[in-house]
Amino acid sequence: MREPPQTDEGWYALHDFRRIDWAAWRDAPERERDRAVEEGVEYLESHEAVTDADDGASAVFSMVGHKADLLVVHLRPTLDALSTAERRFDRTALGAFTEQSTSYVSVTEVSGYVSDAYFAEDEEEVDTGLKRYIEGKLEPEIPEDQYVSFYPMSRKRGEQDNWYDLPFERRREMMQEHGEHGREFGGRVKQIVASSVGLDDWEWGVTLFSEDPTDLKDIVYEMRYDEASARYSEFGPFYVGRRFPPSDLPAFLAGESVPVGEDDGEGHAHGEGDHHGEDGHHGESDHHGGDEAHDHGDDADEDGIRGELEDLDIYAGKPHGEDVYATVLYSEADADELFEEVDGLRSNFDHYDTHVKTAVYDALERDRRAVVSIWDTASAADTAAGFLSELPGIVSRAGEESGFGTMGMFYTVKPEHREDFVEKFETVGGLLGDMEGHGETDLMINLEDENDMFIASQWRSKEDAMAFFRSDEFSETVSWGRDVLADRPRHVFLA
């Protein structure tokens with residue numbers, strides 16, 4: 001029985017790979033090179049600004065290895081717009097010094113593996129979070145200043161292993177497993193998956209982005225062990241590079257590292273990168289996954305902090321028990337808009353047994369919100385952070401804003417003492433402002449429960465934070481809190 005999943009399409013994509021004729025470039029008169037640079041920068045800037053279409057995105061990348069020198073990626077609402085963009089580059093003076101080593105044409109897509117309700121066009125069944133997720137897949141942004149890995153792939157149609165002979169539910173099951181493992185890289189790796197069935201030689205084009213190139217290797221390596229990949233997938237050539245701004249084109253053509261002004265330690269000067277690809281030495285690199293890879297697993301340091309707090313008779317477990325994990329992101333979006341988006345994601349999170357709680361807290365004294373998501377496992381919390389980082393107005397994640405990190409304190413206040421608690425916070429806040437190594441402290445109030453409060457306190461170092469815990473003022477506050485709190489406070493270091 002034929003059971004093709006339904007699909008919905010978004011923007012068309014062109015990956016335009018270019019080799020530069022370096023001999024011709026060296027031999028060209030300076031005025032010709034200057035003209036090529038000028039027209040090249042103008043072309044790239046105008047297309048990144050999408051002056052040629054109503055919507056879309058473009059970016060340029062410096063590529064490593066012999067397959068290409070430059071990659072220009074265009075996303076546009078129509079195939080005709082891609083064709084125009086491609087030909088306009090060929091008409092520039094820079095285009096005359098290049099040849100197209102290869103290209104790839106595709107269209108962004110979501111399929112019925114994602115949601116039955118979406119394709120049933122049942123507005124009540126499709127929550128806001130899912131809508132936002134699907135919109136991001138169909139009309140994706142291209143991340144700034146990140147490494148890129150592009151590769152084409154197809155599903156096998158062999159005599160023994162034929163993806164297209166499998167029942168729909170079996171395919172969906174494998175795709176869900178594949179997606180769950182991919183979400184473990186949430187916040188570290190972003191992707192654009194586009195269908196090329198009938199448009200190019202393979203069935204999909206996959207573009208991965210990350211601040212750490214080892215994350216690109218790791219996600220491909222680990223997901224190859226999923227049955228959908230190990231048994232039913234075939235992969236084409238891989239292309240790796242890094243995005244740079246159009247204004248850095250002169251530096252790129254001069255053989256300098258781009259983006260300009262960054263020494264990334266990866267040997268990224270064009271043509272000099274020691275790219276090992278799939279040499280099989282998985283797990284030997286010491287990578288931390290950039291700002292989003294919130295390492296909840298530093299148990300030695302965490303246990304040391306807990307021990308010191310325990311000596312002070314301060315509960316140092318994670319929120320709501322010893323074995324759950326909190327991730328916190330800050331947003332400057334409108335509270336109602338943010339809550340609507342979070343509520344949609346939360347309904348999806350609730351499908352997982354590891355989800356404990358996700359809530360939006362509003363700062364008492366400044367225009368800022370905190371999205372707090374609590375999970376049974378560190379990997380689940382990290383995965384959730386990847387989805388939450390796409391929420392509107394996100395400006396940072398707890399732990400990115402200070403040398404040591406953020407100390408989170410969760411309180412449930414008795415309703416009759418709520419105003420007393422807020423007043424006490426203002427007093428303690430004044431004390432914190434004078435303490436060595438203190439950054440900022442916010443009192444955040446749950447939009448759904450005004451008696452559920454979260455205090456985020458940023459410190460320069462662990463020693464500075466511990467000095468506060470050892471202070472007489474903190475001891476007095478703890479004693480006072482026994483009368484006004486409905487539950488024992490939870491103190492947790494979020495970074």
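Digging into the overall build of the protein
Inference 1: Helix and strand content of the protein: 15 helices and 17 strands.
Inference 2: A buried classification covers 49% of the 495 residues belonging to the protein.
Inference 3: Approximately 24100 Å² of the protein is accessible, and the part contributed by carbon and sulfur atoms is 43%.

Focus on the pairing of strand β15 (residues 438-446)
Inference 1: The element β15 is extensively covered by neighbouring structure, given that 7 of its 9 residues are classed as buried.
Inference 2: When strand β11 (residues 355-363) meets β15, the two strands line up antiparallel, connected through 3 bridges. Each residue of the ladder has a partner; that of D362, found in β15, is I445.
Inference 3: The sheet contact formed by β15 and strand β16 (residues 449-459) spans 7 bridges and is antiparallel. Note on β16: the bridge partner recorded for D442 is A456.

Section: unusual backbone geometry
Inference 1: A cis amide bond links V258 to the next residue, P259, at an omega of 0 degrees.
Inference 2: By the element assignment, P259 lies in the loop between α9 (249-253) and α10 (299-311).
Inference 3: Even without being glycine, V50 reaches a positive phi, approximately 55 degrees.
Inference 4: The class for V50 is buried, based on a relative accessible area of 13%.

A closer look at the nonpolar core
Inference 1: Counting residues in each nonpolar core, the largest one holds 22 residues, and the members touching the most others are L249, F252 and L253.
Inference 2: Secondary-structure elements contributing two or more residues to this core are α2 (30-48), β3 (70-76), α3 (79-90) and α9.
Inference 3: In contact with L249, other than residues within four places in its own chain, are V37, G40, V41, L44, L94 and F244.
Inference 4: Counting 18 residues, the second largest nonpolar core, distinct from the first, contains A59, L71, I192 and Y239.

What to know about α3
Inference 1: Relative to the 16 Å expected for 12 residues at 1.5 Å per residue, α3 spans 17 Å between its end C-alpha atoms, a close match to the ideal helical length.
Inference 2: Within α3, the full set of buried residues consists of A81, L82, A85 and F89. Angularly, the buried residues of α3 cover 105 degrees about the axis, an arc narrow enough to put them on a single face.
Inference 3: In the core, the buried residues of α3 are packed alongside β1 (7-20), α2, β3 and β4 (98-111).

Focus on helix α11 (residues 335-349)
Inference 1: With 15 residues, α11 extends 20 Å between its outermost C-alpha atoms, agreeing within 8% with the 21 Å of an ideal straight helix rising 1.5 Å per residue.
Inference 2: A distance of 3.1 Å separates the backbone nitrogen of D336 from a side-chain oxygen at the start of α11, and that oxygen is part of D334.

Considerations on the pattern of salt bridges
Inference 1: Evaluation of the coordinates by the stated rule reveals 22 salt bridges.
Inference 2: A salt bridge links D215 to R188, with the nearest nitrogen and oxygen atoms 3.5 Å apart. With a gap of 27 residues between them, D215 in helix α7 (residues 213-223) and R188 in the loop between α6 (168-182) and β6 (189-195) connect regions that are remote in the sequence. There is no split in this pair, since D215 and R188 are both buried.

Some thoughts on the environment of P415
Inference 1: With respect to the helices and strands, the residue P415 is situated in the loop between β14 (405-412) and α13 (418-433).
Inference 2: Separated by 36 residues in the primary sequence, P415 and N451 have C-alpha atoms spaced 6.2 Å apart.

Points about the side chain of R346
Inference 1: Structurally, R346 can be placed in helix α11.
Inference 2: The buried category is assigned to R346, whose relative accessible area is 14%.
Inference 3: At 2.9 Å, the side chain of R346 and the backbone oxygen of T358 are in polar contact.
Inference 4: Excluding residues that lie within four positions of it along the chain, R346 makes contacts with F339, H355, T358, A359 and E448.

Remarks on the confidence of the model for the protein
Inference 1: Confidence along the protein averages 80 in pLDDT terms, with 79% of residues attaining 70 or more.
Inference 2: A low-confidence stretch, residues 315-323 stays under pLDDT 50, and its non-local contacts, those more than four residues away or across chains, total 30 contacts.
Inference 3: Confidence drops under pLDDT 50 across residues 400-405; counting only partners more than four residues distant or on other chains, this segment forms 22 contacts.

Comments concerning the pairing of strand β7 (residues 204-210)
Inference 1: With 7 of its 7 residues buried, β7 lies for the most part within the structure.
Inference 2: Here β7 shows a buried face lined by W204, V206, L208 and S210 and a second buried face lined by G205, T207 and F209.
Inference 3: Direction of pairing for strand β5 (residues 147-155) relative to β7: antiparallel, over a ladder of 7 bridges. When the sheet's bridge partners are listed, V148 is paired in β7 with F209.

Structural notes on a negative patch on the surface
Inference 1: Residues E30, D34, E38, E42 and E45 make up a contiguous surface patch of negative charge.
Inference 2: Here E38 lies in helix α2.

Structural notes on the side chain of R171
Inference 1: One can find R171 in helix α6.
Inference 2: Its relative accessible area of 5% is what places R171 among the buried residues.
Inference 3: Setting aside anything within four residues of it in sequence, one finds R171 in contact with E3, P5, Y113, W163 and L166.

Here's the deal with the packing of aromatic side chains
Inference 1: Counted according to the given criterion, the structure contains 15 aromatic pairs.
Inference 2: Measuring from ring centre to ring centre gives 5.1 Å for W25 and F97, while their planes differ by 85 degrees; the resulting arrangement is edge-to-face. In this pair, W25 is assigned in helix α1 (residues 22-27) and F97 in the loop between α3 and β4, connecting sequence segments 72 residues apart. The residues W25 and F97 share a single accessibility class, namely buried.
Inference 3: Of note, R224 hangs over the ring of F235, and the distance from its end group to the ring centre comes to 4.5 Å.
Inference 4: Of note, R368 hangs over the ring of Y330, and the distance from its end group to the ring centre comes to 3.9 Å.

The rules behind each value
Residues numbered from 1 in each chain as written. Predicted model: local features only at pLDDT ≥ 70, side-chain atom pairs only at ≥ 80, totals over all residues. Heavy atoms only, no water. Helix = DSSP H or I, 4+ residues; strand = E, 2+ residues; numbered from the N terminus. Buried < 20%, exposed > 50% of the residue type's maximum accessible area, 1.4 Å probe, protein only. Areas by Shrake-Rupley, 256 points an atom, 1.4 Å probe, with all protein chains shown as cover. Pairing = 2+ DSSP bridges. Core = buried A, V, L, I, M, F, W, Y, C linked by side-chain atoms within 4.5 Å. Contact = heavy atoms within 4.5 Å. Expected span 1.5 Å × (residues − 1). Arc of directions from axis to C-beta. Polar contact = N/O pair within 3.5 Å; in protein donor to acceptor, adjacent residues only side chain to side chain. Salt bridge = Lys/Arg side-chain N within 4 Å of Asp/Glu carboxyl O. pLDDT = per-residue confidence, 0-100. Patch = residues over 30% accessible without salt bridge, like charges linked within 9 Å, V, L, I, M, F, W, Y side chains within 5 Å. Lys, Arg positive; Asp, Glu negative; His and termini not counted. Charge placed at Lys NZ, Arg CZ, Asp CG, Glu CD. Phe/Tyr/Trp six-rings, centres within 6.5 Å; stacked < 30°, edge-to-face > 60°. Lys NZ or Arg CZ within 6 Å of the ring centre and 35° of its normal.

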